[in-house]
Amino acid sequence: MNPPIGIDLGTTNSLICVWQEGKPTLIPNAIGEVVTPSVVSIDEDDSILVGRAALSRLTTHPDKSAAAFKRFLGSNKIYELAGKKFTPTELSALVLKSLKADAEAFLQQEIRDVVISVPAYFNDEQRKQTRFAAELAGLNAVRLINEPTAAAMAYGLHEEQSGNTLVFDLGGGTFDVTVLEYALPIIEVHASAGDNYLGGEDFTHEIVQACLSEWKLKQQDIAVDDYARLLDLAEQVKCKLNGEQMQYLTWFWQDKEWQFELNESRAKVIWLPLLNRLRAPVEQALSDARLKPAQLEHIVLVGGSSQLGVVRELVTKLFGKLPYRHINPTTIVAQGAAVQAACRLRNQDVEEVILTDVCPYTLGIESCSGKVSGLFSPIIERNTIVPTSKVKTFYSTQPQQKAICISVYQGENPRVENNVLIDEFEIPLTPMEKTQGVDVRFSYDLNGLLEVDVVLLETGEQYGKVIDQSPIGLTDKQKQESHERLKALKIHPRDEMPNRTLLARLERAWAQSLGDERLLIGSYIEDFLTVLNQQNLDEINQMRSEIESQLNDLGR
Ligand code: ADP
Ligand code: MG
């Protein structure tokens, strides 16, 4: 029996959840936490670390660690960690592999089929890369579900819902707004909008910029690892913000102590441009759904950054009502993905929820009119309900034309140069005295994957499934190389993760402190290494929890 499993593969944090005994159960990782930071690091012995230990090493070993790579999924960015090269897809695969191992340890069985959530705003290419990452990790993504839709499923399961609902998801790197309607068992998505480049990271980044401008320092004068320490401190201060109470950031650099003070009022000024950027996708989603803020019955907050006081305040002001907050915004997407997995397998415990989703962006092809070329002709309009299939007729521009080029774009601009090119291919024509017509059909499925079919009207010739489902720019050879590169990697042993994670945390705390505190942390490192060498499991475990609680008290 395949257990129904859902995965939230987040920019910042990833979670895996199984549907068991009639409810979604979050699966703990090797250190007993249900949230695994989406960070990969190469350890001193060349093995791969994923999760909290890797996150600590982002501060102490930024050149051997990578985070937020989901942002670059589908781009040609290459990460180089300790001399090894990785694509964002391969790094995502390492996170998925680690989640898979956690689930297999928890369930005591091998897993393969999973539902993975992706931002609603992910384009075709990013979705394909997500599926390929699953394949690299030995998983089969039987379904991709849009994150806000997953959140809506978990929310709908919790509460008997009805009415128009807005899901506001502000994570680490992306912002998604979805307007949907519950008329259970049907959840109908009316509109989706978002910003792929707006998230908690940007809020942290703005704090760092404010520090540098107050201290009159330039980023290019600061070494990478010193900058990583500052970023880390800014992140901590951000998460501690609480009303008017001042929070202090202290950074040691070049034998000097640099101080910065922050409370919510000050943060609001620093973040004004970011807070303003949150409005546009909200307005777009509401206008596409033809709703006014007052017609919304519920607001569901999703994502770690929706915990920011200033964000909650903005949401309350925008909608004139308090957001719902009974489900943890950090885990709700994974829970919803597991609900979806259970629905797919028609698990008896879960009443089937019928889901309708929308295609979040306009898809079309390049066309020309008279002497003007480079025009964008939409075939499937933004926020059309999926699955959908639409056809449009185009004509060759001159007699005797030997081929017609189909360039597929997505975007909201009338000129193709301002949209995203998805694929491009040529269809041969039999030259004729007159211009010829072609029917171009776009079919967009529930996973957000696009197929294009072309029919030549004069001859009836058909060119089906022209867009292949593999990521663009990745040949079979390159895919095979990815498989081999990943296979060759040594993964850090799972049972050593609690100790490895504490050591990484100690190193980070040591790097962040000076004076007496540093001496104290240094002594913890010595003590812990000593007891590790003696290999007595009970003593190791006891000392680990003692040091962990000391570090918690120090706020490190
Ligand atoms: P993603 O979906 O991108 O993986 P998450 O939903 O896990 O992200 O959110 C991660 C973001 O939430 C990070 O940018 C982090 O700084 C932010 N975050 C987490 N906890 C808090 C908090 N208590 N206050 C403010 N921001 C937080
Ligand atoms: Mg998320």
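Values in this document were obtained by computation on a predicted structure and should not be read as measured data. (Residues numbered from 1 in each chain as written. Chains lettered and ligands numbered in written order. Predicted model: local features only at pLDDT ≥ 70, side-chain atom pairs only at ≥ 80, totals over all residues. Heavy atoms only, no water.)

## Looking at the site of ligand 1
So, point 1. Within the structure, ligand 1 sits among 17 residues, and Thr12, Gly172, Glu235, Lys238 and Gly304 are positioned closest to it.
So, point 2. The side chain of glutamate 235 places a nitrogen or oxygen atom 2.4 Å from an oxygen atom of ligand 1.
So, point 3. Within the backbone of glycine 304, an N or O atom sits 2.8 Å from an oxygen atom of ligand 1.
So, point 4. Considered on its own, ligand 1 offers 580 Å² of accessible surface; in the complex 85% of this is hidden by protein.
So, point 5. Secondary structure elements with two or more residues in the shell around ligand 1: helix H5 (200-215) and helix H6 (224-240).
So, point 6. With three residues, H6 is the single largest residue contributor to the shell around ligand 1.
So, point 7. Partitioning the shell around ligand 1 into residue classes produces two nonpolar, twelve polar and three charged. (Near = heavy atom within 4 Å. Polar contact = N/O pair within 3.5 Å; in protein donor to acceptor, adjacent residues only side chain to side chain. Areas by Shrake-Rupley, 256 points an atom, 1.4 Å probe, with all protein chains shown as cover. Helix = DSSP H or I, 4+ residues; strand = E, 2+ residues; numbered from the N terminus. Nonpolar A, V, L, I, M, F, W, Y, C, P; charged D, E, K, R; others polar.)

## What to know about the domain arrangement of the protein chain
So, point 1. Looking at the protein chain, the domain boundaries give domain 1 (5-198 + 275-358), domain 2 (361-474) and domain 3 (494-554).
So, point 2. Measuring from the centre of the C-alpha atoms in domain 1 to the corresponding centre in domain 2 gives 31 Å.
So, point 3. With 23 residues of domain 1 at the contact, the number on the domain 2 side is 22 residues.
So, point 4. When the buried area of domain 1 at its contact with domain 2 is split by residue, Asp124, Lys128 and Val358 rank highest and sum to 32% of it.
So, point 5. Linking domain 1 with domain 2 are one salt bridge, by the criterion used here.
So, point 6. Where domain 1 touches domain 2, the interface holds four residue pairs in polar contact (both at pLDDT 80 or more).
So, point 7. When residues of the side of domain 1 that touches domain 2 are traced back to their parent elements, those giving at least two are helix H3 (124-136), strand S11 (140-146), strand S14 (186-195), helix H9 (279-288) and strand S18 (354-359). (Domains from an automatic or database assignment. Contact = heavy atoms within 4.5 Å. Buried area = accessible area lost by both parts, 1.4 Å probe. Salt bridge = Lys/Arg side-chain N within 4 Å of Asp/Glu carboxyl O.)

## Describing the packing of H5 against H6
So, point 1. At a minimum axis separation of 9 Å, H5 and H6 run at an interaxial angle of 115°. The angle between H5 and H6 places the two elements in the roughly perpendicular class. Between H5 and H6 lies a crossing whose hand is right-handed. For the pair H5 and H6, the contacting residues are Gly200, Glu201, Phe203, Thr204, His205, Ile207, Val208, Gln209, Leu212 and Trp215 in the first and Tyr227, Leu230, Leu231, Ala234, Glu235 and Lys238 in the second. (Axes fitted to C-alpha atoms, helices over the stretch in contact; angles between N-to-C directions. Parallel < 35°, antiparallel > 145°, perpendicular 65-115°, else oblique. Left-handed = near helix turned anticlockwise from the far one by under 90°.)

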